Amino acid sequence: MKNKLLIITIILLLSLWTIYKINYDNQEKENLKIDEYNFTQLEKVKKIFENSYFNAKQFYTLKEFNKIYKTDIKPIKNCYILSNTENFFWQSGYTFMTKIYSNKFKNKYNHEYYIYPENTYNSIEKSLCWPHWWTCTADLVFSEYIKIITNPCRD
């Protein structure tokens, strides 16, 4: 009797593990598709700015960007930060930021979000705080950025 119960328990646990693994793998595949799509959209944005780096028109939202440059950059899930209102120490006249969903890209970039150009949080914080670092609200701004990229676009 104990052997039958042990065998049934093992079969049940293996079945549950298999179901979990299948669901996890399927979710990772979906997340990978989202990330690959987002990086494809980033490549489109880069091409637009390759030739217009210094004379880029100012925009604050993805909707404005699409209107100005007559493009159709759109997220597959949640929103992007796409603006050229902040210049991160002359590294770029624009910023693209998205949430990372797949474990593959989270492991590659060691974050749950991706910022292009590849600035660290510290350089963003310095840019947002300069020249009034003693009254800096960078954490509030960065929190707002995270809120945007983890929710659908409002536009």
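The structure reproduced in this document is the subject of the present report.

Here we take up helix α2 (residues 62-69). Regarding α2, the residues found buried are L62, F65, N66 and Y69. When α2 is viewed along its axis, its buried side chains cluster within an angular range of 95° and face the same direction. Away from its buried face, by an angle of more than 90 degrees, α2 presents the exposed residues K63 and K67. Where α2 is buried, its residues touch α1 (2-50) and β1 (81-83). Looking at the residues trailing α2, positive phi occurs at K70, about 50°.

A positive phi is found at N78, a non-glycine position, where the angle reads about 60°. Structurally, N78 can be placed in the loop between α2 and β1. Positioned with a positive phi, N110 is a non-glycine residue whose angle comes to about 55°. On the secondary structure map, N110 appears in the loop between α3 (103-109) and β3 (113-116). On the accessibility criterion, N110 (63% relative accessible area) is exposed.

On to the sheet that holds strand β2 (residues 95-99), then. Taken together, three strands build an open sheet; the order of strands is β1-β2-β3 and the sheet is antiparallel. Among the strands making up the open sheet, the edge pair consists of β1 and β3. The sheet shows a mean angle of 10° between the axes of neighbouring strands, taken without regard to direction. By the bridge criterion, three bridges tie β1 to β2 in an arrangement that is antiparallel. Bridge pairing in β2 places I81 opposite M97. Of the strands in this sheet, β1, β2 and β3 are in contact with α1, which crosses β2 at around 175°.

Moving on, we come to the nonpolar core. In terms of nonpolar packing, the biggest core is built from 16 residues, with V45, F49, F59, F65, I73, L82 and F96 touching the most fellow members. Where this core is concerned, the elements lending two or more residues are α1 and α2. Look past the residues within four positions of F65 in its chain and what remains in contact with it is V45, I48, F49, F59, K70, T71, I73 and L82. Residues M97, Y113, F142 and Y145 belong to the second largest nonpolar core, which totals seven residues.

Next up on the list: the packing of aromatic side chains. Per the stated rule, a full pass over the model turns up seven aromatic pairs. A centroid spacing of 5.0 Å and a plane angle of 35° characterise the contact between F39 and F105, whose relative ring orientation is tilted. Of this pair, F39 sits in helix α1 while F105 sits in helix α3, and the two are 66 residues apart along the sequence. Judged by its relative accessible area of 16%, F39 falls in the buried class. An angle of 45° between the planes, with centres 4.8 Å apart, marks the rings of Y80 and F96 as tilted. Remark: F96 occurs in strand β2 and Y80 occurs in the loop between α2 and β1; sequence separation between them is 16 residues. Judged by relative accessible area, which is 3%, Y80 ranks as buried. In textbook terms, an aromatic cluster arises when at least three aromatic residues are bridged by ring pairs, as seen for F39, F105, Y109 and Y114. For K99, the ring lying beneath its charged end belongs to Y101, and the centroid distance is 5.3 Å.

Criteria and cut-off values
The written sequence of each chain sets the order in which its residues are numbered from 1. Two thresholds apply to this predicted model, a pLDDT of at least 70 for residue-level local features and 80 or more for giving and counting side-chain atom pairs, whereas whole-chain, interface and lining totals are computed over all residues. Processing note: side-chain calculations cover all non-hydrogen atoms of the structure and skip hydrogens and water entirely. Three labels apply to residues, based on accessible area from a 1.4 Å probe with only protein chains included: buried if under 20% of the type maximum, exposed if over 50%, partly exposed otherwise in between. Secondary structure elements follow DSSP: runs of H or I no shorter than four residues count as helices, runs of E no shorter than two count as strands, and numbering proceeds from the N terminus. To be clear, the arc concerns the directions from the helix axis to the C-beta atoms. Pairs of residues are marked as contacts when any of their non-hydrogen atoms sit within 4.5 Å. DSSP bridges decide pairing: two strands pair if at least two such bridges lie between them. Lines fitted to C-alpha atoms define the axes here, with helix axes fitted over just the stretch in contact, and angles between the N-to-C directions of these axes take values from 0 to 180 degrees. Residues belong to a common nonpolar core when they are buried Ala, Val, Leu, Ile, Met, Phe, Trp, Tyr or Cys residues joined through side-chain atoms within 4.5 Å. Only Phe, Tyr and Trp rings are paired, with Trp represented by its six-membered ring, and only when their centres lie within 6.5 Å; those with planes under 30 degrees apart are stacked, over 60 edge-to-face, the remainder tilted. Here, a charge over a ring means that NZ of Lys or CZ of Arg falls within 6 Å of the ring centre while also lying within 35 degrees of the ring normal.

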